[in-house]
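# Structure at a glance
Here is what each chain is made of, one letter per residue.
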Amino acid sequence: MKGSPLLQDQLSEMGIVLGTETEEKLLAFLAGMLNWNKKVNLTAITEPRAAIEKHLVDSLTLLPLLRGDERLLDLGSGGGLPAIPLKIASPGLQVLSVDAVEKKVVFQRHIARQLKLENFQAHHGRAESLSNNPLWAGGFDLVVSRAFTALPAFAALALPCLAPGGRIVAMKGGDGVRELAEGSELLAGLGLECSEVRSLRLPASDAARTLIVLVRRNEEEDH
Ligand code: SAM
């Protein structure tokens, strides 16, 4: 998929501008993922146009929410989504990517080495136990997830790792706003509130996406 116009067209439809080298790295990540997928179950989406959209472009919809120098934690990242595309496109991020399935984490480490990603760590473990590590408790400016778990459950797992002033970002489908409304009491009970909702559509399939940003209630005015 070297220099794929499929990727360039989709990125430009989303208003995302990246250099050629960055695009090549994204495609190398995807090629590596699809190659490992033959032996380790990383994804069911393998058709090139759909894989570019659902793995690369969808992950990169978070870019406008980033400054670029954050400590970013991705919970339940599977084959490294959205963590690895974000790290490739925004190399100043410090990323911890966590998944409970060791084979997936082994793939992430392999591809991170191959692509020479610095300040990227893939951790095999459960989200529930991350804050036992004093380096990780309260250590992240952004905690993100895609296709991980229900919004309040994700928020509860993210919260112990959130730095003061940090944000939790859930990547949801078209039903994200309904999920937010249904979870609002539980989120309030955690001391969280929604500071922003971004609704968008993916360029090839027109699939709906919702980015939900949560912050600690008494910190809202900082953002
Ligand atoms: N975020 C990736 C994506 O969008 O392609 C993977 C999504 S996959 C549906 C959910 C992932 O969450 C799986 O890889 C699973 O192993 C991981 N997972 C589930 N529960 C977990 C937990 N408690 N701690 C860490 N990872 C977990």
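By the naming in an unreviewed UniProt entry, the protein chain is Ribosomal RNA small subunit methyltransferase G, taken from Desulfuromonas soudanensis. What UniProt states about the protein chain under its Function (unreviewed entry) heading is, verbatim, "Specifically methylates the N7 position of a guanine in 16S rRNA." Turning to the protein chain, the UniProt annotation filed under Subcellular location (unreviewed entry) states: "Cytoplasm".

Let's shift gears to the overall build of the protein chain. When you go through the protein chain residue by residue, the secondary structure sums to seven helices and seven strands. Across the protein chain, helices and strands are ordered from the amino to the carboxyl terminus as α-α-α-β-α-β-α-β-β-α-β-α-β-β. Here the C-alpha atoms of the protein chain give a radius of gyration of 17 Å, agreeing with the 17 Å that 2.2 N^0.38 yields for 223 residues. Dimensions of the protein chain along its principal axes, counting C-alpha atoms only, are 45 × 35 × 30 Å. In the protein chain, which comprises 223 residues, the proportion classed as buried is 52%. Look at the contacts in the protein chain between residues 6 or more apart in sequence, and 68% of them connect residues 24 or more apart. Counting only carbon and sulfur atoms, one obtains 50% of the accessible surface of the protein chain, whose full area is about 10100 Å². Looking at the protein chain, you have 24 positive and 27 negative side-chain charges, and the mean spots of the two groups are 7 Å apart.

Time to look at the UniProt feature "binding site: S-adenosyl-L-methionine" (unreviewed entry) in the protein chain. With numbering matched to this structure, UniProt assigns "binding site: S-adenosyl-L-methionine" (unreviewed entry) to Gly76, Leu81, Ala127, Glu128 and Arg146. In this fold, Gly76 is placed in the loop between strand E1 (71-75) and helix H4 (83-89). Not counting chain neighbours up to four residues away, the residues in contact with Gly76 comprise Val98, Asp99, Arg146 and Phe148. Arg146 has contacts with Lys54, His55, Asp58, Gly76, Leu81, Pro82 and Met171, leaving out every residue within four places of it along the chain.

Among the eleven residues in strand E5 (residues 162-172), nine count as buried, and that is most of the element. Here strand E4 (residues 140-146) runs beside E5; their pairing, made up of six bridges, is parallel. Each residue of the ladder has a partner; that of Ser145, found in E5, is Ala170. Between the parallel elements E4 and E5, the chain passes through helix H6 (residues 151-158) in a crossover that is right-handed. With five bridges joining them, E5 and strand E7 (residues 208-216) adopt antiparallel strand pairing. Bridge pairing links Met171 to Leu211 in E7.

Summarising burial for H6: six of the eight residues are buried, a large majority. For H6, the complete set of buried residues consists of Leu151, Pro152, Phe154, Ala155, Leu157 and Ala158. Next to the buried residues of H6 lie E1, E4, E5, helix H7 (176-189), strand E6 (192-201) and E7.

On average, residues of the protein chain carry a pLDDT of 95, and 97% of them reach 70 or more. With a pTM of 0.96, the predicted complex shows an ipTM of 0.99.

Each value, and the rule that gives it
- Residues numbered from 1 in each chain as written.
- Predicted model: local features only at pLDDT ≥ 70, side-chain atom pairs only at ≥ 80, totals over all residues.
- Heavy atoms only, no water.
- UniProt positions renumbered as here; feature names shortened; annotations may be inferred.
- Helix = DSSP H or I, 4+ residues; strand = E, 2+ residues; numbered from the N terminus.
- Rg over C-alpha atoms; globule rule 2.2 N^0.38 Å.
- Buried < 20%, exposed > 50% of the residue type's maximum accessible area, 1.4 Å probe, protein only.
- Contact = heavy atoms within 4.5 Å.
- Areas by Shrake-Rupley, 256 points an atom, 1.4 Å probe, with all protein chains shown as cover.
- Lys, Arg positive; Asp, Glu negative; His and termini not counted.
- Charge placed at Lys NZ, Arg CZ, Asp CG, Glu CD.
- Pairing = 2+ DSSP bridges.
- Right-handed = clockwise from strand over helix to strand, strands pointing away.
- pLDDT = per-residue confidence, 0-100.

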